Every structure is written in C-alpha cells, then in structure tokens.
Amino acid sequence: MQDKLNIMILTAEDSLKVFRMTPERIEAALERFPEFRDKVNISITRTTTSFENDPSWNSEDYKKFRRNVGNADIIIGYMFPLEEIATLAPRLKWIHIIGAGIEHLLPLDWLPERIVLTNNRGAHAPKTCEYVMMALLMLANHMPRLVGAQQKRKWDGHFVSVIRGSRVLILGAGKQGSAAALAAKRLGLVTVGVDIDTAQRDNFDEIVPPAKLNGALGAADYVVVTLPSTKDTYRFVGEKEFAAMKEGAGFVNISRGRIVDTDALIANLKSGHLSGALLDVFEQEPLPVESPLWSTPNLMMSPHMGCDDEENYIHRTFDIVFENLRRLEAGEALENVVDRAKGY
C-alpha cells in the first residue's frame, strides 16, 4: 500500500456502548497495530441515528454520508443506503460489516464486483462460549422448569445428573458453532456438528452433513442452533426436527429466530417432549408483549444480548479489520469474506 487508505467509520449517536466506535477504541486498535498509523486515514462519520432504526437517517445524516463516502477506500459500519454506494464511492474496495449476520443487506445485487464484503465472524466467540456454557448448565439443572415453579410458589423437588458425558448437537459448525463446541468440551460433552462443510475442526468429535440431521437429533441430549440466516435455513428446525429429538432434550438458539418454527417449539415445550429451552433470538425483536413465548413453560429468554461483549466486541472487530489490512498489504485473500451466492 503506497498511498494511505481512507477508512470511513460509520456509526451513530444512538449506538449502544457494545457497538460504539469511538476515537478511544480506534486509538487502542492503533496501539495494537502500530504499523498502520502512517498507512491509514481513519475518520468517523457520526449520524444522528442508526440507518436501520426507527426513525432512520434525517436529511443532515444523508448529507454527511454522501459528503464523506466519496473518498473512502474502506467502510466499517452496519447499514447505509445500499443503492447509492456504486455511484457515490468510486474508490471503495472493501466494506466491513460489524455484525456476523448480513441478512439485512440481502440480496447483494447492490454490491459492485469491485467491492469485497467482509463480516464480523469470530468477534462473538468468547462471549458465545460463556453463554452456551451457562445455557447448557441451566438446562442440565432444569433451571427453566425451576424458575417457572418459583413464579408459581411451587416446591418442585426433583434431582438431576451431572452433564459430563452428555451429547450436544450444534447446528452450524462455523466460528460461533466452534465457540459453542469449546464450551461443551469444557463441560466434558461429546460434540457433534451439522454443517455443509464436514471437514474436521477443533472441539468437534464429529461433523455430519444436513442429510444426517434427523439421526443426529435423535441421539443428542442438547441441541444448539448457530446457523446463519439464509433462504435455505428459514424454519430449518420445525415440527419434523423437534419430533426427531430425544425425549427430554434441551434446546438453545443463539443465531436467528427465523431459523426455528416458534409454534413447533412452544408445542414441544408444553407437551414435555423438550425438557427446557433457552432463546436469545426471536423472529420479531423486540419480542411483542402478546407473544405466547412469554408464558411458555420450561423456557427462559434473553433479549438478543447473550453473545455480545459490551467492553470488548468493538476491540475484536478492529482486530479483524486490522488483521485483514495486513493481508491486504501482503496481497493475500481477506478473511471473513461473504460468499455472494450463499449470503454469508
């Protein structure tokens, strides 16, 4: 890289702390990657609101974006007016999205061939590992059932066994799935993944293709969903898949709500076919007050915050970006590149 690269950081006043890209966090990244101090110009374009929020950008926000994007070689952000990129940013060669899921950008017909799109796969991993470990232990100790009993002032005395030696099935063996597998291994579980790529990887005892899903579901004590949200994974877990699960299995979803048939999940929790479930994601967020999930037995929920580390998420985001800058400088392929055909 002979000339300095112009990096446009797109953030908003209403960004939560976990996603806030500040001068202090940028400076911390440059301290970790000092070789880039003289190789990049980093500027912050701070809008009033996040583009995807309600209300969305106002006229002044659009002006800021259009004024600053023209000289950008790289954008780091989450959402922006997609249809304007091709004409407004002739120098743009790379966009980094600060989330792992990019379904809000699909279809990618707005993305010029000259621009590489990367995502934040891996930034969630440490927090995902802790959350899944907590979820598995809570399911093993029937905490969803006991919380329900407490709310009813019912003394529900019963006993459970240790989790070590149980079997967990992880749907999706990417970076988030690998973090879930690490959590399970630390608890002494047998780990099986379901993925279109069945190549062996750390912390999985076995990885099977989707064609073997039903058999794998029937052998699992716990099922954890870490799949990306695409047209192929919509309602990937429905009535047939829940019926295939072992009686008394526990269920966790930490990826996207639309991957699971909510009505089928509720039915299996009410019937007792599943012993319990933990959900961190939902098809509609925030979850509407009228949703039947609020009163579903043996279910515990967290409001899509389980895998995001408030203090360190953006630090790890910048680590991904700067490691890719090293690759760009060396003429190597970038990591976390989104496959345009697959949509993740």
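Note that the structure is a prediction, hence the values are computed from the model and not measured.

### Quick notes on the sheet that holds strand β7 (residues 190-194)
- If you walk across this open sheet you meet the 7 strands as β8-β7-β6-β9-β10-β11-β12, and the pairing is parallel. Edge positions in the sheet fall to β8 (206-208) and β12 (299-301), since each has one partner strand and no second. With strand direction ignored, the average angle separating the axes of adjacent strands in the sheet is 15 degrees.
- Here strand β11 (residues 274-279) pairs with β12 via 3 bridges, running parallel. The residue of β12 that forms the bridge with Ala 277 is Leu 299.

### So, empty space enclosed by the protein
- Per the counting criterion, the structure on display carries 2 cavities of 30 Å³ or more.
- Each pocket or cavity is described by its volume, and for the largest cavity that value is around 60 Å³.
- Taken together, Asn 253, Gly 257, Val 260, Thr 262, Leu 265, Leu 279, Val 281, Phe 282, Glu 283 and Leu 293 make up the full set of residues lining the largest cavity.
- For the second largest cavity, the full set of lining residues is Ile 7, Ile 9, Ile 26, Ile 42, Ile 76, Phe 318, Val 321 and Phe 322.
- Secondary structure elements with two or more residues in the lining of the second largest cavity: β1 (5-12) and α10 (313-330).
- The biggest single contributor to the lining of the second largest cavity is α10, with 3 residues.

### Details of the UniProt feature "domain: D-isomer specific 2-hydroxyacid dehydrogenase NAD-binding" (unreviewed entry) in the chain
- Look at the UniProt record and you will see "domain: D-isomer specific 2-hydroxyacid dehydrogenase NAD-binding" (unreviewed entry) annotated at residues 133-306.
- For residues 133-306, helix accounts for 30% and strand for 18%, while the C-alpha atoms at its two ends are 11 Å apart.

### With respect to the packing of aromatic side chains
- By the definition in use, this model includes 10 aromatic pairs.
- For the ring pair Phe 51 and Trp 57, a centre distance of 4.9 Å and an interplane angle of 85 degrees mean the geometry is edge-to-face. Across the pair, exposure class does not vary: Phe 51 and Trp 57 are buried alike.
- Here the aromatic rings of Trp 57 and Tyr 62 are separated by 5.4 Å at their centres, their planes lie at 80 degrees, and the arrangement is edge-to-face.
- The class of Tyr 62 is partly exposed, set by a relative accessible area of 23%.
- An aromatic cluster is built from Phe 51, Trp 57, Tyr 62, Phe 65, Phe 80 and Trp 110, whose rings are joined through pairwise contacts.
- Positioned above the aromatic ring of Phe 36, the side-chain terminus of Lys 39 is 5.6 Å from the ring centre.

### A look at the UniProt feature "domain: D-isomer specific 2-hydroxyacid dehydrogenase catalytic" (unreviewed entry) in the chain
- Within this structure's numbering, the places UniProt gives as "domain: D-isomer specific 2-hydroxyacid dehydrogenase catalytic" (unreviewed entry) are residues 60-338.
- Secondary structure across residues 60-338 divides into 33% helix and 15% strand, with the first and last C-alpha atoms of the span separated by 31 Å.

### Description of the pattern of salt bridges
- Here the structure, examined in full by the defined rule, presents 20 salt bridges.
- One salt bridge in this structure joins Glu 206 and Arg 167, with 3.9 Å as the shortest N-O distance. Placement of Glu 206 in strand β8 and of Arg 167 in strand β6 (residues 167-171) is noted, with a sequence separation of 39 residues between them.
- The salt bridge partner of Arg 201 is Asp 197, with a shortest N-O separation of 3.6 Å.
- Of the residues examined, Asp 197 reaches a relative accessible area of 41% and is grouped as partly exposed.
- Connected through salt bridges with shared partners, the residues Glu 35, Glu 323 and Arg 326 form a single ionic network.

### Quick look at the sheet that holds β1
- A sheet is described by the order of its strands in space; here 5 strands give the open sequence β2-β1-β3-β4-β5, paired in parallel fashion. Of all strands in the sheet, those with a lone pairing partner are β2 (40-47) and β5 (116-118), marking the two edges. Direction aside, neighbouring strands of the sheet carry axes that sit 15 degrees apart on average.
- Examined bridge by bridge, strand β3 (residues 74-77) and strand β4 (residues 94-97) share 4 bridges and lie parallel to one another. Directly across from Gly 77, in β4, lies its bridge partner Ile 97.
- On the sheet, helix α1 (residues 23-32) packs against β1 and β2 and is oriented at approximately 160 degrees with respect to β2.
- Helix α2 (residues 59-69) contacts β1, β2 and β3 of the sheet and is inclined by roughly 165 degrees relative to β2.

Cut-offs used in this document
- Residues numbered from 1 in each chain as written.
- Predicted model: local features only at pLDDT ≥ 70, side-chain atom pairs only at ≥ 80, totals over all residues.
- Heavy atoms only, no water.
- Pairing = 2+ DSSP bridges.
- Helix = DSSP H or I, 4+ residues; strand = E, 2+ residues; numbered from the N terminus.
- Axes fitted to C-alpha atoms, helices over the stretch in contact; angles between N-to-C directions.
- 1 Å grid on protein atoms, 1.4 Å probe; cavity = no way out; pocket = protein on both sides within 12 Å on 5 of 7 lines; lining within 4 Å.
- Points joined across faces, edges and corners; volume = space filled by probe spheres on them.
- UniProt positions renumbered as here; feature names shortened; annotations may be inferred.
- Phe/Tyr/Trp six-rings, centres within 6.5 Å; stacked < 30°, edge-to-face > 60°.
- Buried < 20%, exposed > 50% of the residue type's maximum accessible area, 1.4 Å probe, protein only.
- Lys NZ or Arg CZ within 6 Å of the ring centre and 35° of its normal.
- Salt bridge = Lys/Arg side-chain N within 4 Å of Asp/Glu carboxyl O.
- Contact = heavy atoms within 4.5 Å.

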